[in-house]
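Residue-level structural notes
Each chain, letter by letter, is given below.
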Amino acid sequence: MEKAKQLSVSAIKNGTVIDHIPADSLFTVITILGLEHISNQITFGTNLESKKFGKKAIIKVSAVYFTEEEINKIALVAPAARLNIIRNYEVVEKHELTLPDEIEGIARCFNPTCITNHEPVKTRFSIISQKPLRLKCHYCEKITDEEHLTII
Amino acid sequence: MNSLAAKSLVSINDFSTDEIERILDTASRFEQSPPGKILDSKVIAALFFEPSTRTRLSFESAVNRLGGRILGFAEAGTSSVSKGESLKDTILTVSNYSDLIVMRHSIEGSARYASEVSPVPVINAGDGSNQHPTQTLLDLYSIKKTQGTLDGLNIFMVGDLKYGRTVHSLLMALSNYNTTFNFISPAELRIPDEYKLFLEKKGIKYYEHDDFTEIISRADIVYMTRVQRERFSDPLEYEKVKNIYVLRKEMLGNTKENVRILHPLPRVNEIDRDVDDSPKAYYFEQALNGVYVRQAIISSILDVL
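Remember, predicted model here, so these are calculated numbers, not experimental data.

Moving on: the domain arrangement of chain A. All names here are of chain A. Looking at the assigned domains, one finds that chain A contains domain 1 (15-96) and domain 2 (102-151). Every contact between the two is made by six residues of domain 1 and, on the other side, seven residues of domain 2. Of the roughly 630 Å² buried where domain 1 meets domain 2, counting both sides, 80% is carbon and sulfur surface. When the buried surface of domain 1 facing domain 2 is broken down by residue, Glu 69, Lys 73 and Leu 76 rank first, second and third, together holding 69% of it. Our count for the domain 1 to domain 2 interface comes out at zero salt bridges. Counting the contacts that link domain 1 with domain 2 gives zero residue pairs in polar contact (both at pLDDT 80 or more). The dominant element in the side of domain 1 that touches domain 2, judged by the number of residues it contributes, is helix α2 (residues 68-77), at five residues.

In structure tokens:
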């Protein structure tokens, strides 16, 4: 029998593919990257078979290359995701996501009495653990965990 | 070179063990022989966005005795904050009028933020439930002065170990010494796991107890804190435990000769009044030590030693 060889989500000519997103994180990734507000062509698929997760999701965005800050946002909510840069239908770069030791301006401190929730101060966290995710606020020194994480 | 010159003090972790010991040595020198008017011509701003009589008066006394000038406000109601001014604007303005800012604020992280926007150094005199490093330094000074060392002591911490910021900062600072901790608190106010993990990582021994009547004989330092009714979700729970965490004079009977009772004050009823007469009661001297320690901190930061 001929092996079915068809892309579940069609290829893009130029842009970025975010692969290996856990299926339940797909819409979070779309939201934090603000993809619903851009006019570029975006295709995505979810609940695709994955050896790693059982079910994975994939997003392909035409003619968009993400900034480091955006990549860090993805790393926060889907650390196992992979980023592929596509030029002329070819993968020219592959990135595994790694969280830096410190992140700035991308997550909110969960502590309602933290200065970052009272004055226009850019948030800053050191990552004290990736699994489970634990962020220590540079200002109030309280720990924000995955359950209380809000991406700005 | 004075590594403390022009440095802000926001969290006890901002100072190295070496710097902490230098502060304690300077404070001891000031206590033994007052250094005179070394802050002459210096202006210190004390911005108390949240009232704290004790800490503010201690800072004022420290500065006045060294001949410095102090200006500021004792509560946010008498400052431009009541008109809606941002913290950043207040700090930038006040830094024009002073060589150093001492501030207390109810918002956590406010002192760190102020130290980042201010061109002059900032000393945190308490930011909400977060840090109060000058209290920690005066606690360390009191311990060293009464025990002759910070090494190898058996430290009892009693009362509210969950929310008490003085307990947390003191614990962090003492973890650099070979300390044994005994934590005595009601179940609802136990020391948070993050501090236990921290101690485990550093190989520091600690024990948790519900009561301390039987074990107090082992203590070198008993650090008492207030158990506040409003910390309990169930008022009945408070009623059940409120008397367990009270230090009474008869409990001191079998204690070590060198034991000293510390308390960050204000005390409500967690130390019986009759303990005050015991030579082992040290909380009022502890408050006096705050003046020497704050003098040492300010003089080191302003580099007038």
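Residues and elements named next belong to chain A. The strand order β2-β3-β1-β4-β5 describes an open sheet built from five strands, whose pairing is antiparallel. The sheet terminates laterally at β2 (42-50) and β5 (90-96), the two strands that pair on one side only. When the angles between neighbouring strand axes are averaged without regard to direction, this sheet yields 20°. Pairing analysis gives six bridges linking strand β4 (residues 82-87) to β5, with the strands arranged antiparallel. For Ile 86, the partnering residue across the bridge sits in β5 and is Val 91.

Quick look at the pairing of strand β8 (residues 124-129) of chain A now. Residue and element names in this part refer to chain A. Relative to β8, strand β6 (residues 102-104) is paired through three bridges, and the arrangement is antiparallel. Paired with Glu 104 across the two strands is Arg 124, which belongs to β8. Here four bridges tie β8 to strand β9 (residues 134-137), and the two strands are oriented antiparallel to one another. Looking at β9, one finds that Phe 125 is bridged to Cys 137. Where β8 folds back on β9, the antiparallel hairpin that results is connected by four residues.

Across the boundary between the two partners, chain B contributes 15 residues, which contact 14 residues of chain A. Interface area, chain B with chain A, both sides summed: about 1200 Å², of which 45% is carbon and sulfur. At the boundary of chain B with chain A, the tally comes to two salt bridges. Here Glu 141 of chain A makes a salt bridge to Arg 112 of chain B, at a shortest N to O gap of 4.0 Å. Elements with a contribution of two residues or more to the side of chain B that touches chain A: α3 (87-94) and α4 (110-117) of chain B. In terms of residue count, the dominant contributor to the side of chain B that touches chain A is α4 of chain B (four residues). Of the residues belonging to the side of chain B that touches chain A, the class tally is three nonpolar, seven polar and five charged.

Here we come to helix α1 (residues 17-32) of chain B. Residue and element names in this part refer to chain B. In a regular helix each residue adds 1.5 Å, so 16 residues correspond to 22 Å; α1 covers 23 Å between its end C-alpha atoms and thus fits that length. All buried positions along α1 are accounted for by Glu 19, Ile 20, Ile 23, Leu 24, Thr 26, Ala 27 and Phe 30. What you see down the axis of α1 is that its buried residues fit within an arc of 160°, all on one side. Exposed side chains of α1 directed beyond 90 degrees from the buried face belong to Asp 18 and Gln 32.

The next point concerns the environment of Glu 194 of chain B. All names here are of chain B. Relative to the helices and strands, Glu 194 resides in helix α7 (residues 193-201). Taking relative accessible area as the criterion, Glu 194 reaches 38% and is therefore assigned partly exposed. Distance from Glu 194 to Gly 290, taken between C-alpha atoms, is 28 Å for residues 96 residues apart in sequence.

Moving on, we get to the environment of Cys 137 of chain A. All names here are of chain A. Note that Cys 137 resides in strand β9. Distance from Cys 137 to Gly 15, taken between C-alpha atoms, is 34 Å for residues 122 residues apart in sequence. Residues contacting Cys 137, with those up to four places away along its chain left out, are Cys 109, Cys 114, Arg 124, Phe 125 and Lys 142.

All right, on to α4 of chain B then. All names here are of chain B. For α4, the tally of buried residues reaches seven of eight residues, placing the bulk of the element in the interior. For α4, the full list of buried residues reads Ser 110, Ala 111, Arg 112, Tyr 113, Ala 114, Ser 115 and Val 117. Looking at the buried residues of α4, the elements they touch are α3, β3 (100-105) and β4 (122-127).

Turning our attention to the packing of aromatic side chains. All names here are of chain B. For the structure shown, the criterion picks out seven aromatic pairs over all chains. Between Phe 49 and Phe 73, the aromatic rings sit 5.2 Å apart at their centres with planes inclined by 80°, giving edge-to-face as the arrangement. Taken together, the positions of Phe 49 in the loop between β1 (43-48) and α2 (53-65) and Phe 73 in strand β2 (residues 69-73) put the pair 24 residues apart, joining distant regions of the chain. Side by side, Phe 49 and Phe 73 carry an identical accessibility label, which is buried. Ring centres 6.0 Å apart and planes at 40° place the aromatic pair Phe 183 and Tyr 206 in the tilted group. Separated by 23 residues along the polypeptide, Phe 183 in strand β6 (residues 180-184) and Tyr 206 in strand β7 (residues 205-209) bring together distant segments of the chain. Site record: aromatic cluster; members linked through ring pairs are Phe 181, Phe 183 and Tyr 206. The side chain of Arg 294 reaches across the aromatic face of Phe 59, ending 4.9 Å from its centre.

Let us look at unusual backbone geometry. Glycine aside, a negative phi is what most residues show, and trans is what most peptide bonds show. Residue Lys 131 of chain A is joined to Pro 132 of chain A through a cis peptide bond whose omega torsion reads -5°. Structurally, the position occupied by Pro 132 of chain A is in the loop between β8 and β9. Between Leu 265 of chain B and the following residue, Pro 266 of chain B, the backbone shows a cis peptide bond with an omega angle of 5°. Topologically, Pro 266 of chain B is positioned in the loop between β9 (260-262) and α9 (283-301). Of note in this structure, Asn 88 of chain A is not a glycine but carries a positive phi near 50°. Note on placement: Asn 88 of chain A falls in the loop between β4 and β5. The phi dihedral of Glu 141 of chain A is positive, around 70°, even though this residue is not glycine. Among the structural elements, Glu 141 of chain A can be located in the loop between β9 and β10 (143-145).

Reading guide: rules and limits
The written sequence of each chain sets the order in which its residues are numbered from 1. Chain letters start at A and ligand numbers start at 1, both assigned in the order the entries are written. Given that this is a predicted model, residues contribute local features only at a pLDDT of at least 70 and side-chain atom pairs are listed and counted only at 80 or more, while totals for whole chains, interfaces and linings are drawn from all residues. To obtain the side-chain values, all non-hydrogen atoms of the structure were included, while hydrogens and water were left out. Domain delimitation follows an automatic or database domain assignment. By definition, residues are in contact when any of their heavy atoms lie within 4.5 Å. Reported buried area values correspond to the accessible surface (1.4 Å probe) lost by two parts on association, with both partners' losses combined. Within this document, salt bridges are pairs made up of a side-chain nitrogen of Lys or Arg and a carboxyl oxygen of Asp or Glu, the two lying within 4 Å of each other. Identification of polar contacts relies on pairs of N or O atoms within 3.5 Å, with a donor-acceptor requirement for protein atoms, meaning one able to donate a hydrogen and the other able to accept it, and with residues adjacent in sequence counted only if both atoms are side-chain atoms. Comment: elements are numbered from the N terminus, with helices defined as DSSP H or I runs of at least four residues and strands as E runs of at least two. We treat two strands as partners when DSSP finds at least two bridges between them. To get an axis, fit a line to the C-alpha atoms, keeping to the stretch in contact for a helix; angles then go from 0 to 180 degrees between the N-to-C directions. Residues are grouped as follows: Ala, Val, Leu, Ile, Met, Phe, Trp, Tyr, Cys and Pro are nonpolar; Asp, Glu, Lys and Arg are charged; all remaining types, including Gly, are polar. A helix is expected to reach a length of 1.5 Å times the quantity of its residues less one. Burial status follows relative accessibility: with a 1.4 Å probe on protein chains alone, a residue under 20% of its type maximum counts as buried, one over 50% as exposed, and anything between as partly exposed. It is the directions from the helix axis to the C-beta atoms whose arc is reported. Here a Phe, Tyr or Trp ring, Trp counted by its six-membered ring, pairs with any other such ring whose centre lies within 6.5 Å, and the pair is stacked when the planes are under 30 degrees apart, edge-to-face when over 60, and tilted otherwise. A positively charged side chain is recorded as over a ring if its NZ (Lys) or CZ (Arg) lies within 6 Å of the ring centre. The angle to the ring normal must also be within 35 degrees.

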